[in-house]
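One-letter residues, chain by chain:
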Amino acid sequence: METIEIHEFSTGIIPEILPDGKWISRGFKVGEYMNLTLPQVPHSVGRAIANKGFEVAKDRNSQEPTFVGRVVLSISNEEPDYSVVAVVTTGQDEYGRSTSFYRYFLCSGKDNIWQILDWINTQQQQGINPVFNPSETKEVGKPNQHKITKN
């Protein structure tokens, strides 16, 4: 059975982990990401994020994540098209204000959003909720592996 690599990265923040294990943001690292599984965010994906292609109006009182899927077409012949799913989670900053934090999942090819969502569903069935979590660490070169199912 073939597997697909699903890379990820998250909004870059300065986190403060609280004694109860929860976290707050002490600020954003502008133009930086954290918990990357690839050496750098593909240029076309970074442009889509900068152009607010994944931004959503979120109910600040909701603890449920919001999922935004987008196909990001290549802007050069040097990189492929990507399927990207952003998982948007509400969190708080140091002043108690609600804000949105993003965890992005991506893979090569413009027809793979359903594969990313299938992987997320598999994670959730195992009790793992793939939401923004600054305490979780990821390593470059170690993407998530997902066995491809035929659609």
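Residues numbered from 1 in each chain as written. Predicted model: local features only at pLDDT ≥ 70, side-chain atom pairs only at ≥ 80, totals over all residues. Heavy atoms only, no water.

Colleague: I would appreciate a short explanation of the overall build of the chain in the present structure.
Modeller: In terms of regular secondary structure, the chain is built from two helices and six strands. For a compact globule of 151 residues, the expected C-alpha radius of gyration is about 15 Å, and the chain comes in at 15 Å, within 12% of that figure. In terms of overall dimensions, the chain has a C-alpha envelope of 45 × 35 × 30 Å along the principal axes. With 151 residues in all, the chain has 43% of them scored as buried. Of all intrachain contacts in the chain linking residues separated by at least 6 positions in sequence, the fraction that spans at least 24 positions is 65%. By element, 47% of the accessible surface of the chain is carried by carbon and sulfur atoms, the whole surface being about 8,700 Å². Positive and negative charge centroids in the chain, built from 15 and 18 side chains respectively, lie 2 Å apart. (Helix = DSSP H or I, 4+ residues; strand = E, 2+ residues; numbered from the N terminus. Rg over C-alpha atoms; globule rule 2.2 N^0.38 Å. Buried < 20%, exposed > 50% of the residue type's maximum accessible area, 1.4 Å probe, protein only. Contact = heavy atoms within 4.5 Å. Areas by Shrake-Rupley, 256 points an atom, 1.4 Å probe, with all protein chains shown as cover. Lys, Arg positive; Asp, Glu negative; His and termini not counted. Charge placed at Lys NZ, Arg CZ, Asp CG, Glu CD.)

Colleague: Looking at this model, I keep getting lost on unusual backbone geometry. Mind explaining?
Modeller: A negative phi holds for most residues other than glycine; trans holds for most peptide bonds. Of note in the backbone geometry, Asn-35 takes a positive phi value of approximately 55° without being a glycine. Within the secondary structure, Asn-35 is located in the loop between strand 2 (23-34) and helix 1 (43-50). Despite not being glycine, Lys-52 shows a phi value in the positive range, around 65°. By the element assignment, Lys-52 lies in the loop between helix 1 and strand 3 (66-72).

Colleague: Mind showing me how you'd approach the nonpolar core here?
Modeller: In this structure, Phe-9, Val-45, Phe-54, Val-84 and Tyr-104 are the most contacted members of the largest nonpolar core, which totals 17 residues. It is strand 4 (residues 82-92) that contributes the most residues to this core, four residues altogether. Of all hydrophobic cores here, the second largest spans twelve residues; its members include Val-85, Val-87, Cys-107 and Ile-116. (Core = buried A, V, L, I, M, F, W, Y, C linked by side-chain atoms within 4.5 Å.)

Colleague: What is the right way to look at the confidence of the model for the chain in this model?
Modeller: In low-pLDDT segments, the atomic positions of the prediction should not be examined closely. Model confidence for the chain is summarised by a mean pLDDT of 91, while 99% of its residues fall at 70 or above. When pLDDT is averaged over each helix and strand of the chain, the minimum, 90, is found for strand 2 and the maximum, 96, for strand 3. (pLDDT = per-residue confidence, 0-100.)

Colleague: Honestly, helix 1 in this entry has me stumped. Any pointers?
Modeller: Side chains of residues three or four places apart in an α-helix project in the same direction, reflecting 3.6 residues per turn. Buried within helix 1 are the following residues: Ser-44, Val-45, Gly-46, Ala-48 and Ile-49. On its buried face, helix 1 sits against strand 1 (3-17), strand 2, strand 3, strand 4 and strand 5 (98-108). Within two residues after helix 1, Lys-52 carries a phi angle of roughly 65°, on the positive side.

Colleague: Explanation requested: the packing of aromatic side chains in the structure shown.
Modeller: Applying the stated criterion across every chain, the model contains nine aromatic pairs. Ring centres 5.2 Å apart and planes at 55° place the aromatic pair Trp-23 and Phe-132 in the tilted group. With Trp-23 in strand 2 and Phe-132 in the loop between helix 2 (113-125) and strand 6 (144-147), this pair connects stretches of sequence that are 109 residues apart. The same class applies to Trp-23 and to Phe-132, which are both buried. Arranged with centres 5.2 Å apart and planes meeting at 50°, the rings of Phe-105 and Trp-119 form a pair that is tilted. With Phe-105 in strand 5 and Trp-119 in helix 2, this pair connects stretches of sequence that are 14 residues apart. (Phe/Tyr/Trp six-rings, centres within 6.5 Å; stacked < 30°, edge-to-face > 60°.)

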